[in-house]
Amino acid sequence: MVWRACNNCIPTKDLLHYRRIDIDLQCPVCNGAAESVTHVFIQCPMAAGCWRSSIIGLGGDTASNLVDWISGVFHNSFLDLVHLVCMVLWGLWRNRNEIVWNNKRQTVSQVLNLASSFLFQWQSAQVLPNDDQLPLMDEGVVCWQKPSVGWLKCNVDGALFQAQNKLGFGWVLRDGLGQMQAAGSGALRGFLDAGLAEALSFREALRWLKDNVISNVIIESDALIIVQAMKSSCLDSSYIDVIIDECKSLLKEINNYRICFVRRSANSVAHLLARAASSLTGVHVCWSFSSNVFALLTASFPKIKPLAKAAGGSLWHLVFFSQSYGGRQMERKQGFFSALKGEVVSTHQTSCRHVQRSEQLIERSRNLRAAEARRWRRVRTVMTAEIQ
């Protein structure tokens, strides 16, 4: 494909016109310029969008010659990136042909995901033994995709915090509309190993899915080694495989599931949640982030109200505010937070020392709310971008 494009052997409209075929020269993809090899693969808005949205990020729409542009890319890129460039070029030409012959258009994310998935399929076929399960067709994508109707999608990720000697993990569950249904984030102290962090993120997500009787779920991770281990029937005696074996036992309790590998760019929300675990000491999960569920929680559990009020009255704030003190300690700390907000002031003999201490803690809670609100704005921004 690349060789044909560089040698002008691709039947673009300008080449067909040069060979005396009477044809409209307008690009069928953008309808904004004459179709040429350079336009199809670099200058067309669709092509430019693909390059900008991929990890390549070359912004090649200003290039005037395809051969020089490809030579520069190949010279300055590592082998895996060269493979991806070739597959995106193929995806762009396939999209063009689908428009011409079948009147079917794809979005930038669909073109990138198809190219990345086919590349992952090919790479896996080169190294996997014959008896191992080959990857699914939608594996290796670079953009997050909504699950099919009736399915849920759970993205998991792990993180390392060297300075704190902690492992972090995060997971997020979303429905076919891209709406968040649940999320989890936490940290554990222990041996710092990336594979261990990724395996722990799988285990924590699967525990929650099993406990809440979730079925029809797609579990995605950007840790290829862990995904392959989850699918493999072989185990050794390593400490990671002990956790993998536990994960497989949990999977037996879940009806109708799939495990897929995705690129880091398609796992952004789980990555942010895992990184946010650096300030946490435990695990806290919240079912939903809608105002209706917030009202239901505060109505069903009156003791949550003062804590919610201290957190700003928003469930988005409540999640991370409670995480900062440990989700399991919420009820034990209830009287303490109520005192801060004046709920049980009458039960205490206020003194200068108590007032000063309360003011310090209120200021600390404000700072925590501001920091966690910034984190959640980042998560919501990434989620919105993924859905679009």
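Note on numbering: residues in each chain are counted from 1, in written sequence order. The model is predicted, so local features are restricted to residues of pLDDT at least 70 and side-chain atom pairs to those at 80 or more, both for listing and for counting; the totals for chains, interfaces and linings are taken over all residues. Water and hydrogen atoms were dropped before computing side-chain values, which therefore reflect all heavy atoms in the structure.

**Considerations on the pairing of strand 2 (residues 166-174)**
Here is step 1: Remark: exposure states derive from per-residue accessible area (1.4 Å probe, protein chains only) relative to the maximum for the residue type, with buried under 20%, exposed over 50%, and partly exposed in between. Every helix listed is a DSSP run of H or I at least four residues long, and every strand listed is a run of E at least two residues long, numbered separately from the N terminus. Within strand 2, nine of the nine residues are buried, which leaves the element mostly enclosed by the surrounding structure.
Here is step 2: Across the two faces of strand 2 the burial is the same, with Lys166, Gly168, Gly170, Val172 and Arg174 and Leu167, Phe169, Trp171 and Leu173 all buried.
Here is step 3: Pairing between two strands requires that DSSP report at least two bridges joining them. Sheet topology places strand 1 (residues 152-161) next to strand 2; nine bridges connect them, and they run antiparallel. By the bridge assignment, Asp157 is partnered in strand 2 with Gly170.
Here is step 4: Linking two consecutive strands that pair antiparallel, namely strand 1 and strand 2, is a turn of four residues; a positive phi of about 55° is found at Asn165 within it.
Here is step 5: Note: strand 2 against strand 3 (residues 180-189), nine bridges, orientation antiparallel. In the strand pairing of strand 3, Leu167 is matched with Leu188.

**A short note on the packing of aromatic side chains**
Here is step 1: Stacked, tilted and edge-to-face are the three classes applied to pairs of Phe, Tyr and Trp rings, where Trp contributes its six-membered ring and a pair requires centres within 6.5 Å; stacked means planes under 30 degrees apart, edge-to-face means over 60, and tilted covers the rest. What the rule picks out here adds up to four aromatic pairs.
Here is step 2: Ring geometry for Phe41 versus Trp93: centroids 6.2 Å apart, planes at 40°, classification tilted. One end of the pair, Phe41, is in helix 3 (residues 37-43); the other, Trp93, is in helix 6 (residues 79-102), and 52 residues separate them in sequence.
Here is step 3: What makes Trp93 buried here is its relative accessible area of 10%.
Here is step 4: Note on Trp51 and Trp69: the rings are 4.9 Å apart at their centroids and 55° apart in plane angle, and the pair reads as tilted. Separated by 18 residues along the polypeptide, Trp51 in helix 4 (residues 45-53) and Trp69 in helix 5 (residues 66-76) bring together distant segments of the chain. Like Trp69, Trp51 is buried.
Here is step 5: Put simply, a charge is over a ring when the Lys NZ or the Arg CZ is close to the ring centre, within 6 Å, and near the line of the ring normal, within 35 degrees. One Lys or Arg, Arg174, reaches over the ring of Trp144 and ends 4.0 Å from the middle of that ring.

**Points about the confidence of the model for the chain**
Here is step 1: pLDDT gives the predictor's per-residue confidence on a scale running from 0 to 100. Confidence in the prediction for the chain averages 76 pLDDT; 71% of positions are at 70 or higher.
Here is step 2: At the level of individual helices and strands, the chain shows its lowest average pLDDT in helix 14 (residues 315-324), which scores 38, and its highest in strand 4 (residues 217-221), which scores 95.
Here is step 3: Contact criterion: two residues are considered in contact whenever any of their non-hydrogen atoms come within 4.5 Å of each other. Ignoring residues within four places in sequence, the model shows residues 287-352, a span with pLDDT below 50, making 94 contacts including any to other chains.

**Let's talk about helix 5**
Here is step 1: By the burial criterion, the buried members of helix 5 are Leu66, Trp69, Ile70 and Val73. Along the long axis of helix 5, the arc covered by the buried residues comes to 95°, so they all point the same way. The exposed residues of helix 5 that point more than 90 degrees off its buried face are Asp68, His75 and Asn76.
Here is step 2: Those residues of helix 5 that are buried lie in contact with helix 1 (2-6), helix 3, helix 4 and helix 6.
Here is step 3: Of the residues that open helix 5, the one with a side-chain oxygen 2.9 Å from the backbone nitrogen of Val67 is Asn65. Note: the arc covers the axis-to-C-beta directions of the helix. For the purposes of these results, a polar contact is taken to be a pair of N or O atoms within 3.5 Å, where, inside protein, one atom must be able to donate a hydrogen and its partner to accept one; residues adjacent in sequence count only when each atom of the pair is a side-chain atom.

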